[in-house]
Amino acid sequence: MNPFDKSFADIPAYLINEHFNDRYFDIVNAVEEANYIHFEGNHILKRLSEQTTGTKTLSIGELGFGTGRNVVALTSLLDKSGLKDLTIDIYSVELYPITASRMDEILKPFEAQTGSAIELLINEYKKLNLELTGWHKMEIHAAFGKIYLNLFIGEALDMVNSLEKPCECWFLDGHGPKANPEMWREELMIAVGKKTKPQGTCTTFTVARDVVNNLTAAGFTIIKWPGIGGKKSVLRGEFR
Ligand SMILES: C[S@@+](CC[C@H](N)C(=O)[O-])C[C@H]1O[C@@H](n2cnc3c(N)ncnc32)[C@H](O)[C@@H]1O
């Protein structure tokens, strides 16, 4: 038995997304998981440090905002990177937004690892009217520069279709395909491909065959690489 499965029963209820009966993330390795799968997989720091003059920019799409853990881990990584003059645009989506207090409860245990990043996100998130569907804007200001965090409340395909510009990379983080096949359907992956810049990349924690097939149909060349925590391998896609 995978040791990760064994611990599933011990996961506190507030960490389980009741709409999918699935956990929001690997609770043991949540920050490392984001750093490894999404940030290393998309070469975030490399892409930013290769921009030698002026403001360094990056646009990121995310399917599955959830608890904001990826945003917090990214803010913390950038903070520790020593990079300056960054402008990061994030476009994320969430069908079932959680309350700010639940976000706080879920993320609090990672405070020692991520410093002020949790507070920076929650201060912005609690200003949102979560009843309103469509785009919501947040801003995170830190010593490295700014993160413009655009959160679409609603269905993933509507979010992707409403993007005005393609993204340079994508974090595909929408629960596993068994729990949530909708988040990996071919129509959605093809829409993501259409909203990816040339040489763009995507990353995900699942290596399920349907996910590989649908991302391939969307124009990504898929590379499997060793996983982290309970995951034997993970995926990285390069847009052809
Ligand atoms: C695994 S969680 C995301 C974890 C998140 N990236 C984080 O860092 O906390 C997946 C999220 O996708 C959302 N979701 C699932 N299906 C969706 C859909 N069709 N459209 C938009 N969001 C969806 C879920 O409600 C859930 O919050």
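In this text the structure is predicted, and so the values were computed from the model without any measurement.

1. A word on the side chain of Asn 42
Structurally, Asn 42 is set in the loop between helix H2 (30-40) and helix H3 (44-49). Within the structure, Asn 42 has its side chain in polar contact with the side chain of Thr 203 (distance 2.8 Å). Among residues more than four places away in sequence, those in contact with Asn 42 are Arg 47, Cys 169, Trp 170, Phe 171, Thr 201, Cys 202, Thr 203 and Arg 236.

2. As for the pattern of salt bridges
Taken as a whole and assessed by the stated rule, the structure comprises 11 salt bridges. Among the ionic pairs, Glu 18 bridges to Arg 102, the shortest N-O distance being 3.2 Å. Here Glu 18, found in the loop between strand S1 (16-17) and strand S2 (22-23), pairs with Arg 102, found in helix H5 (residues 100-107); they are 84 residues apart in sequence, far enough to count as distant. The exposure class assigned to Glu 18 is exposed, which follows from its relative accessible area of 52%. The buried category is assigned to Arg 102, whose relative accessible area is 17%. A salt bridge links Glu 155 to Arg 185, with the nearest nitrogen and oxygen atoms 3.4 Å apart. Remark: Arg 185 occurs in the loop between strand S7 (167-172) and helix H9 (186-194) and Glu 155 occurs in the loop between strand S6 (145-153) and helix H8 (156-162); sequence separation between them is 30 residues. Here Arg 185 falls in the buried class, since its relative accessible area comes to 18%. It is possible to trace a salt-bridge network through shared partners that takes in Glu 33, Arg 69, Asp 173 and Lys 231.

3. Quick notes on the site of the ligand
In the vicinity of the ligand there are 24 residues, among which Gly 64, Thr 67, Glu 94, Glu 155 and Asp 173 approach most closely. One of the backbone nitrogen or oxygen atoms of Gly 64 is found 2.7 Å away from a nitrogen atom of the ligand. Ala 156 places a main-chain nitrogen or oxygen 3.0 Å from a nitrogen atom of the ligand. Considering the ligand on its own, with 590 Å² of exposed area, one finds that the protein chains cover 98% of that surface. In this structure the site holding the ligand corresponds to the largest pocket. Breaking the shell around the ligand down by element, the ones donating at least two residues are helix H4 (69-81) and strand S4 (86-94). When its residues are assigned to classes, the shell around the ligand shows nine nonpolar, 10 polar and five charged.

How each quantity is defined
Residues numbered from 1 in each chain as written. Predicted model: local features only at pLDDT ≥ 70, side-chain atom pairs only at ≥ 80, totals over all residues. Heavy atoms only, no water. Helix = DSSP H or I, 4+ residues; strand = E, 2+ residues; numbered from the N terminus. Polar contact = N/O pair within 3.5 Å; in protein donor to acceptor, adjacent residues only side chain to side chain. Contact = heavy atoms within 4.5 Å. Salt bridge = Lys/Arg side-chain N within 4 Å of Asp/Glu carboxyl O. Buried < 20%, exposed > 50% of the residue type's maximum accessible area, 1.4 Å probe, protein only. Near = heavy atom within 4 Å. Areas by Shrake-Rupley, 256 points an atom, 1.4 Å probe, with all protein chains shown as cover. 1 Å grid on protein atoms, 1.4 Å probe; cavity = no way out; pocket = protein on both sides within 12 Å on 5 of 7 lines; lining within 4 Å. Sits in = over half its atoms within 2 Å of the grid points. Nonpolar A, V, L, I, M, F, W, Y, C, P; charged D, E, K, R; others polar.

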